[in-house]
Amino acid sequence: MLRSGLIATKIGNSSYYQNDGTSTHVTILKVEECIVSDIKTDERHGYNAVQLTSIDTKKDISNINKPQRKIFSTIKINPKKILKEFKVDSENILDVGTVLNADHFKIDQYVDASSFSIGKGFAGVMKRHNFGGLRASHGVSISHRSHGSTGQNQDPGKVFKGKKMAGHMGATKVTIQNLKVIDVDTENSLLIIKGSVPGKKNSTIFIKDSI
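Note that the coordinates shown come from a computational prediction; the quantities given were computed from them, not determined experimentally.

(A) Expanded view of the sheet that holds strand S3 (residues 34-40). The strand order across the open sheet formed by four strands is S5-S4-S3-S6, and the pairing between neighbours is antiparallel. Looking at strand neighbours, the two that pair on one side only are strand S5 (80-87) and strand S6 (99-100), the edges of this open sheet. Strand direction decides the pairing type here: S3 and strand S4 (residues 49-56), joined by five bridges, are antiparallel. Bridge pairing in S4 links Lys-40 to Ala-49. Contacts from helix H2 (residues 66-74) reach S3, S4 and S5, with the element oriented near 85° to S5.

(B) A look at the pattern of salt bridges. Using the criterion set out here, one finds three salt bridges in the structure. Asp-209 is paired through a salt bridge with Arg-3; the nearest N and O atoms lie 2.6 Å apart. One end of the pair, Asp-209, is in strand S12 (residues 204-209); the other, Arg-3, is in the segment before strand S1 (6-17), with 206 residues separating them in the sequence. Its salt-bridge partner being Lys-40, residue Glu-85 comes within 2.7 Å of it at the nearest N-O pair. With Glu-85 in strand S5 and Lys-40 in strand S3, the pair connects residues that are 45 residues apart, well separated along the chain.

(C) Representation of the sheet that holds strand S7 (residues 110-116). What the six strands build is a closed barrel, ordered S1-S2-S11-S10-S7-S12; its pairing is antiparallel. When strand polarity is set aside, the average angle formed by the axes of neighbouring strands in this sheet is 50°. Pairing of S7 with S12 involves four bridges; the strand directions are antiparallel. Along S12, the bridge assignment pairs Val-111 with Asp-209.

(D) Up close: the side chain of Ser-114. For Ser-114, the location among the structural elements is in strand S7. Residue class for Ser-114 comes out buried when judged on its relative accessible area of 9%. Polar side-chain contacts of Ser-114 include one of 2.8 Å to the side chain of Thr-175. Residues within four places of Ser-114 in sequence aside, it is in contact with Lys-173, Val-174, Thr-175, Pro-198, Thr-204, Ile-205 and Phe-206.

(E) Focus on the packing of aromatic side chains. Using the criterion set out here, one finds zero aromatic pairs in the structure. Sitting above the plane of the Phe-86 ring, Lys-84 keeps its charged end 5.9 Å from the centroid. The aromatic ring of Phe-206 is capped on one face by Lys-84, whose charged end is 4.8 Å from the ring centroid.

(F) Focus on the nonpolar core. Residues Ile-7, Leu-52, Leu-191 and Ile-207 are the most contacted members of the largest nonpolar core, which totals 27 residues. Put simply, the parts of the chain that give this core at least two residues each are S1, S3, S4, S5, S7, strand S10 (173-185), strand S11 (190-194) and S12. Val-26, Ile-28, Leu-190 and Ile-192 belong to the second largest nonpolar core, which has five residues in total.

(G) Structural context of the environment of Gly-170. Inspection of the secondary structure puts Gly-170 in the loop between strand S9 (167-169) and S10. For the pair Gly-170 and Lys-120, spaced 50 residues apart in sequence, the C-alpha to C-alpha distance is 5.3 Å.

Scoring rules and cut-offs
Residues numbered from 1 in each chain as written. Predicted model: local features only at pLDDT ≥ 70, side-chain atom pairs only at ≥ 80, totals over all residues. Heavy atoms only, no water. Pairing = 2+ DSSP bridges. Helix = DSSP H or I, 4+ residues; strand = E, 2+ residues; numbered from the N terminus. Contact = heavy atoms within 4.5 Å. Axes fitted to C-alpha atoms, helices over the stretch in contact; angles between N-to-C directions. Salt bridge = Lys/Arg side-chain N within 4 Å of Asp/Glu carboxyl O. Buried < 20%, exposed > 50% of the residue type's maximum accessible area, 1.4 Å probe, protein only. Polar contact = N/O pair within 3.5 Å; in protein donor to acceptor, adjacent residues only side chain to side chain. Phe/Tyr/Trp six-rings, centres within 6.5 Å; stacked < 30°, edge-to-face > 60°. Lys NZ or Arg CZ within 6 Å of the ring centre and 35° of its normal. Core = buried A, V, L, I, M, F, W, Y, C linked by side-chain atoms within 4.5 Å.

Written out as structure tokens, the structure reads:
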């Protein structure tokens, strides 16, 4: 059963103490009001989806492009920073203007979290691909962390695409599956999730029911 997810902001990591005194590493996510700004139906668009908008922006509505300006003026709210579609089943389509909060998810439920991972810049093969490196013995001169040979001989005479080499690491979309919701703070609109969630502090996280 597909239902809408939520848009959240990563606050940071912490420890959560259970009633029996055990400590659990958790990630804290802040859920601002997620407002349904548009819906897509199978009859009109070929698929069922709910479009959510969240996270306030300092932009004035006059500085928003026309299609988005129409979205915000229709539901009579200030412009928001994020627009995100979640595919849903036909019975889970929500009315435009519906507000979703942190209590959309329940304690002990499992969710999937998506975001862009922290950028690591240019990285070598040992950090990027977990290579073992060269031997630390005589004859290996200042190349202990190099990747070794990359190509073949005259045939085929090239380096194949996709070869694991040094390069840009991180800053890619990552989804972590089966994260457990430890606690839901409805008063402060916080989700306490067991384990780590991709992205740095204050990055936007998309959460949905685990598949």
